[in-house]
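The chain contents come next:
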Amino acid sequence: MAKIAVIADIHANYTALAAVLSASILEEGVPLLCAGDLVGYGPRPGAVIDRLSELGARCIRGNHDAAVAGDNSILKKLCWQAREVVLWTRKHLNRQQLRFLSSLPLSLKIGSWRCYHGSPRCPLFEYLETSAAVIKALQAEKDAAGLIVGHLHKPLCYRGSCSAELEMVKINYGEPVDYSGKRMVFNPGSVGQPRDGDPRASFAVLDTGEATVTWYRVEYDLQETMDRIRRANLPDSLAVRLASGL
Ligand code: ZN
């Protein structure tokens, strides 16, 4: 396992997921890791779950996955649009798909890396964005080479020789970032609902042989997902935000 494709926050946007999976870099059947939030916000939750399970993707639980799987305390913490979609999603998944979501772990060990949706201290809810939060996360996982996270919906990379000397690395798509001899915390960005102003689907490839992480963006048929959101009578703002990538 030298290469692993890292995806997160698909949010039931199957069209975006399909575009990522057909990206030329993933053609040779690279193993998949999903850092949570397979469902929520989007119109095709069942298709996303079926595809990931068919591909044998390793997935962890995000806050929306937990809410759909029946955790009502999490449901209450979501905004009204997200709550409405969680309730709709529960009705549109079969028993097997719901069981898949319920079985997702809160974290995974990938070689010497650890994967969380949020962070080690708060696996479902913490946004790892500032260097202060990233330092605390690394301190909580002293034995890990690095952390893979989702939840933020933005590609992000911090790298350092020790947890107190972190640099935020500028991401250039398609250009590998070296982590040899360093600790790294990275977010692949969101497949199905990016919030960094770029509506294209985002993902990353971790190459443990070369000790690099490379980020990619791919276009997908936004209009198709927007139309499906509207046909399902889900909140219109969820369709609108896909076009702005915010
Ligand atoms: Zn999310």
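Within each chain, residues carry numbers counting from 1 in the order of the written sequence. Residues qualify for local features only when their pLDDT is at least 70, as the model is predicted, and side-chain atom pairs are given and counted only at 80 or more; totals for whole chains, interfaces and linings, by contrast, use all residues. Heavy atoms throughout the structure, all of them, feed into the side-chain values; hydrogens and water do not.

Regarding the coordination of the zinc ion
Right, so step 1: Any nitrogen, oxygen or sulfur atom within 2.8 Å of a metal ion counts as a donor, with the limit raised to 3.2 Å for Na, K and Ca, and since water is left out, coordination shells can look unfinished. Only Asp9 (OD), His11 (NE2), Asp37 (OD) and His153 (NE2) from the protein reach the zinc ion as donors, at distances of 2.1 to 2.3 Å.
Right, so step 2: The site at the zinc ion holds four donor atoms, and with the angles between them running 86 to 178°, its shape is irregular.
Right, so step 3: Mapped onto the polypeptide sequence, the residues donating to the zinc ion form the spacing pattern D-x1-H-x25-D-x115-H. Remark: Asp37 occurs in the loop between strand 2 (32–34) and helix 2 (45–54) and Asp9 occurs in the loop between strand 1 (3–7) and helix 1 (14–21); sequence separation between them is 28 residues. Taken as a pair, Asp9 and Asp37 share a single burial class, namely buried. Labels for metal geometry use angle windows, namely 85 to 135 degrees for all angles of a four-donor tetrahedral site, and for square planar (four donors) or octahedral (six donors) sites opposite donors over 155 degrees apart plus all others within 65 to 115; sites meeting none of these are irregular. Secondary structure elements follow DSSP: runs of H or I no shorter than four residues count as helices, runs of E no shorter than two count as strands, and numbering proceeds from the N terminus. Burial classification: accessible surface area is computed with a 1.4 Å probe over protein chains only, and a residue below 20% of its type maximum counts as buried, one above 50% as exposed, and the rest as partly exposed.

Regarding the pattern of salt bridges
Right, so step 1: In the sections that follow, a salt bridge refers to a side-chain nitrogen of Lys or Arg positioned within 4 Å of a carboxyl oxygen of Asp or Glu. Under the criterion given, the structure shown has eleven salt bridges.
Right, so step 2: One salt bridge in this structure joins Arg159 and Glu167, with 2.8 Å as the shortest N-O distance.
Right, so step 3: According to the relative accessible area criterion, Arg159 is buried, its value standing at 17%.
Right, so step 4: Take Glu167: its relative accessible area is 35%, and that puts it in the partly exposed class.
Right, so step 5: For the salt bridge of Arg230 with Asp236, the shortest nitrogen-to-oxygen distance reads 2.6 Å.
Right, so step 6: Residue classification places Asp236 among the partly exposed positions, given a relative accessible area of 40%.
Right, so step 7: Linked through salt bridges whose partners overlap, the residues forming this network are Asp196, Asp198, Arg200 and Arg217.

Side note on the sheet that holds strand 10 (residues 183–188)
Right, so step 1: Strands are treated as partners if at least two bridges between them are detected by DSSP. Judged by pairing direction, the sheet is mixed, and its six strands sit side by side in the order 4-5-6-10-7-8 without closing on themselves. Only two strands of the sheet have a single partner each, and these edge strands are strand 4 (107–110) and strand 8 (166–168). Within this sheet the neighbouring strands show an average axis-to-axis angle of 20°, counted without direction.
Right, so step 2: Of the pairings in the sheet, the one linking strand 5 (residues 113–116) to strand 6 (residues 146–148) comprises three bridges and is parallel in character. Across the sheet, residue Trp113 finds its bridge partner in strand 6, namely Gly146.
Right, so step 3: Residue contacts follow a heavy-atom distance rule, with two residues in contact if any of their heavy atoms lie within 4.5 Å. Here, axes are lines fitted to C-alpha atoms. For helices the fit covers the stretch in contact, and angles between N-to-C directions go from 0 to 180 degrees. Against the sheet, helix 7 (residues 131–140) contacts strand 6, strand 7 (155–160), strand 8 and strand 10, and its axis sits at roughly 135° relative to strand 8.

Quick word on the environment of Val218
Right, so step 1: Along the chain, the position of Val218 falls in strand 12 (residues 212–218).
Right, so step 2: Separated by 213 residues in sequence, Val218 and Ala5 have C-alpha atoms that sit 14 Å apart.
Right, so step 3: Non-local contacts of Val218, meaning those with residues more than four positions away in its chain, are made with Ala19, Val20, Ala23, Arg200, Ala201 and Phe203.

Considerations on the sheet that holds strand 1
Backbone hydrogen bonds are what pair the strands of a sheet, in a parallel or an antiparallel way.
Right, so step 1: In spatial order, the strands read 3-2-1-11-12-9; together these six strands make up an open sheet with mixed pairing. Across the chains shown, the open sheet's two edge strands, defined by having one partner strand only, are strand 3 (58–59) and strand 9 (177–178).
Right, so step 2: Here three bridges tie strand 1 to strand 2, and the two strands are oriented parallel to one another. By the bridge assignment, Ile7 is partnered in strand 2 with Cys34.
Right, so step 3: Where helix 1 meets the sheet, it contacts strand 1, strand 2, strand 11 (201–207) and strand 12, and its direction lies at approximately 40° from that of strand 11.

As for the nonpolar core
Right, so step 1: Buried Ala, Val, Leu, Ile, Met, Phe, Trp, Tyr and Cys residues form a nonpolar core when they are joined through side-chain atoms within 4.5 Å. Judged by nonpolar contacts, the single largest core of 50 residues is most densely connected at Ile7, Leu17, Leu38, Leu52 and Phe203.
Right, so step 2: Among the elements that make up this core, the one with the highest residue count is helix 1 (six residues).
Right, so step 3: Those residues in contact with Leu52 that sit more than four places away from it in its chain are Ile7, Ile10, Leu17, Leu32, Leu38, Ala57 and Cys59.
Right, so step 4: Counting 23 residues, the second-largest nonpolar core is a separate cluster that includes Ile4, Ile171, Met184 and Trp215.

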